[in-house]
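# A closer look at the structure
Each chain is listed here by its residues.
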Amino acid sequence: MLTTEHLHKSYGDKVLFQDISFTITKQERIGLIGVNGTGKSSLLKVIAGLDTPEKGEIKHAKDYRVEYLAQDPQLTSDLTVIEQIYYGEADIMRVMREYEQTLDLLEKDPANEAVQEQLLKAQQKMDRHAAWETNAAAKTILTRLGITDFDKLPAELSGGQRKRVAIAKALIQPADLLILDEPTNHLDNQTVEWLEKYLHSYKGSLLLVTHDRYFLNRVTNRVFELDKGNLYIYEGNYEVFLEKKAEREEQERSEEWKHQNTLRRELAWLRRGVKARGTKQKARSERVEEMKQKQFDTKKESVAFQTGSTRLGKKVMELKDVEKSYGGHKLLDAFSKLINPGDRIGIIGPNGAGKSTLLNIMAGRTKPDKGEIEVGQTVKIGYYTQGEEELDGSMRMIDYIKEVAEVIHAKDGSVITAEQMLERFLFSRSEQWNYISKLSGGEKRRLYLLKVLMREPNVLFLDEPTNDLDTQTLSVLEEYLDQFPGVVISVSHDRYFLDRVARQLLVFTGEGKTEQFTGNYSEYLEKNGTPGAEVSKPKPKKPASQPKKQKKKLSYMEQKEWDSIEDEIMSLEEKIEEMKSGIVEAGSNSEQVQKLFTEQERLEEELESKMERWEELSLIVEELENEKS
């Protein structure tokens, strides 16, 4: 068990977390959530012992082991892949390291009797420490992560391969607590799904930061939210967190409303000058002053806004028989594609398959070896990609955005200022005057993303937009793209993002080949399985006797109910929204508010009942349609 008590940490004049306490017990699976810049990585480093808090302490047993995977891990330059994996002071790590090093010596000089004797001793140590299973597991992990050449040095690996080696090293080290900072960054979909399954059987506790909401939902059983210096703890996965957070925010708004009403009454009492003993009058005045000082954090950023872009004509882009190779490796082979107005395309496939190369060719940044690209005259491309530009730390945020534009124009003709756009992308008015040098890495990526959008493109290319962005910023981006009137083409391994944004997929299958699929990523998985993965389905056991299946059908009343239930659900949702608006407009009229709130609760119960009934009927309808087909 690890316990933290009253931790406090700041960065300059910004408080990252203050007076936070929590406990991590055996085999917990904790997801840490928060907007970029709130201090998530700082908190992980403090728990890992790589940084110290200004106040507070961390307690655990002396033999408690913590293993930490940084967001951008560094490998030791003079150690091979297999030496990196077995690095550490644990006995089992030293034994395996010695065995692998001796094995390597013997391969180079098979006739050396001294080395043969040394290998025999190393094998005996492996026996004593029961290290063979761990050794095999390490190599299996490396292989599943796509690392097969164990003798390479870090300089010989790509950035993605180095990240995989670091992940394998973290997974294989014996630890009571494994801390993972953005483990899914730069991993393809297949590897992310393998890691997700592997962590389910991990013996220690997990504390992780990730933007991958499906990963977060399936791996965690507890969520820590770091928000404006405070820590909120939720029991359950990401789905439960969303529900509980909404309840917490609603409760805070209710408390603020009660507080304001009480304060209003107290002030009225004081203004009337009601007779009372001096001490009572003074105490009441002091209480009113205290109430004035109390602050509530109930402001919620609005992300449902209309967006604008320059006019896009009927012709967007057409690629004809495009080919591209690098170092004898074919990335695109006779690739043709017509892109139409309104297209929402997700590009998926293994790392190194050519996804980013395709975007660069379409953007005119890379020339194809063969083929043609025709681009419409009205096309204005906005391209968000990793490592695109180094932000000038001496500039203020507001000036950086205004370099591009001071306003953008919405579809309805209204104007949205740079300040308003910054607010909608989670930078408050006061923060907008901060220097870029004070921002975290994730905040810089969010600011750069906004700069791309401020150019008012009508065709958006997004290359791994979910890397280094927090879940709240991703929600803002997804809402923005919902309203965006132009074309969106995204390279991403984030399954949730693809489900939200893409309506068709372009799948890289290897050797320059691609296939197209109409639908989102989950629908693709349901039909085809994970790209590049072999899916084995267990054979169903045949029962001794097959009872004759009775054909289901909707009764007359059920059919009538099915025909109208969706309209009824929509009507209930609209009425609930009307109740919510009415509560806001009622203000201090407590009688009216209570009446509306009671009606809202009744409507919500009715809506839940209708939704359950819709699920029952939809299952019957689905079975009937399957029987017909």
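Residues numbered from 1 in each chain as written. Predicted model: local features only at pLDDT ≥ 70, side-chain atom pairs only at ≥ 80, totals over all residues. Heavy atoms only, no water.

## Considerations on the side chain of His-211
Considering the arrangement of structural elements, one finds His-211 in the loop between β7 (205-209) and α8 (213-219). Take His-211: its relative accessible area is 0%, and that puts it in the buried class. Only 3.1 Å separates the side chain of His-211 from the side chain of Glu-182, close enough to count as a polar contact. When near neighbours in sequence (up to four residues on either side) are disregarded, His-211 contacts Glu-182, Thr-184, Asn-185, Thr-466, Asn-467, Asp-468, Leu-469, Thr-471, Leu-474, His-493 and Asp-494. (Helix = DSSP H or I, 4+ residues; strand = E, 2+ residues; numbered from the N terminus. Buried < 20%, exposed > 50% of the residue type's maximum accessible area, 1.4 Å probe, protein only. Polar contact = N/O pair within 3.5 Å; in protein donor to acceptor, adjacent residues only side chain to side chain. Contact = heavy atoms within 4.5 Å.)

## Here's the deal with the nonpolar core
If you look at the biggest cluster of nonpolar residues, it comprises 51 residues, and the most contacted ones within it are Ile-85, Leu-142, Leu-171, Leu-178, Leu-195 and Leu-199. Discounting residues that sit within four places of it in the chain, Leu-142 has contacts with Val-81, Ile-82, Ile-85, Ile-147, Phe-150 and Ala-168. Ranked by size, the runner-up nonpolar core spans 39 residues in total, among them Tyr-384, Ile-401, Leu-474 and Phe-497. (Core = buried A, V, L, I, M, F, W, Y, C linked by side-chain atoms within 4.5 Å.)

## As for the sheet that holds β7
Pairing is mixed across the open sheet formed by six strands, whose spatial order is β5-β6-β7-β3-β8-β9. Of all strands in the sheet, those with a lone pairing partner are β5 (66-69) and β9 (230-235), marking the two edges. Adjacent strand axes in the sheet meet at a mean angle of 15°, parallel and antiparallel pairs treated alike. Pairing analysis gives six bridges linking strand β8 (residues 222-227) to β9, with the strands arranged antiparallel. If you follow Asp-227 over to β9, its bridge partner there is Asn-230. (Pairing = 2+ DSSP bridges. Axes fitted to C-alpha atoms, helices over the stretch in contact; angles between N-to-C directions.)

## Quick look at the confidence of the model for the protein chain
Scored by pLDDT, the protein chain has a mean of 82; 86% of the residues are at 70 or more. Within the model, the stretch residues 301-305 combines pLDDT values under 50 with 13 contacts to residues more than four positions away or in other chains. Counting contacts from residues 532-551, a segment whose pLDDT is below 50, to residues more than four positions away or on other chains yields six contacts. (pLDDT = per-residue confidence, 0-100.)

## A look at the sheet that holds strand β10 (residues 317-326)
The sheet built from three strands is open, its strands ordered β11-β10-β13 with antiparallel pairing. The sheet is open, and its two edges are formed by β11 (329-339) and β13 (370-375), each paired on a single side. When strand polarity is set aside, the average angle formed by the axes of neighbouring strands in this sheet is 20°. Note that β10 and β13 share five bridges and pair antiparallel. Its bridge partner lying in β13, Lys-320 is registered against Glu-372. Across the sheet, helix α11 (residues 355-362) is in contact with β10, β11 and β13; its angle to β10 comes to roughly 130°.

## As for the packing of aromatic side chains
Under the counting rule described, the total for this entry stands at eleven aromatic pairs. Between Tyr-99 and Trp-132, the ring centres sit 5.1 Å apart and the planes meet at 80°, which makes this aromatic pair edge-to-face. With a gap of 33 residues between them, Tyr-99 in helix α3 (residues 91-108) and Trp-132 in helix α5 (residues 132-144) connect regions that are remote in the sequence. Its relative accessible area of 33% is what places Trp-132 among the partly exposed residues. Geometrically, the ring pair formed by Tyr-234 and Phe-241 is edge-to-face, given 5.1 Å between the ring centres and 85° between the ring planes. Assigned by exposure class, Tyr-234 and Phe-241 land together as buried. (Phe/Tyr/Trp six-rings, centres within 6.5 Å; stacked < 30°, edge-to-face > 60°.)

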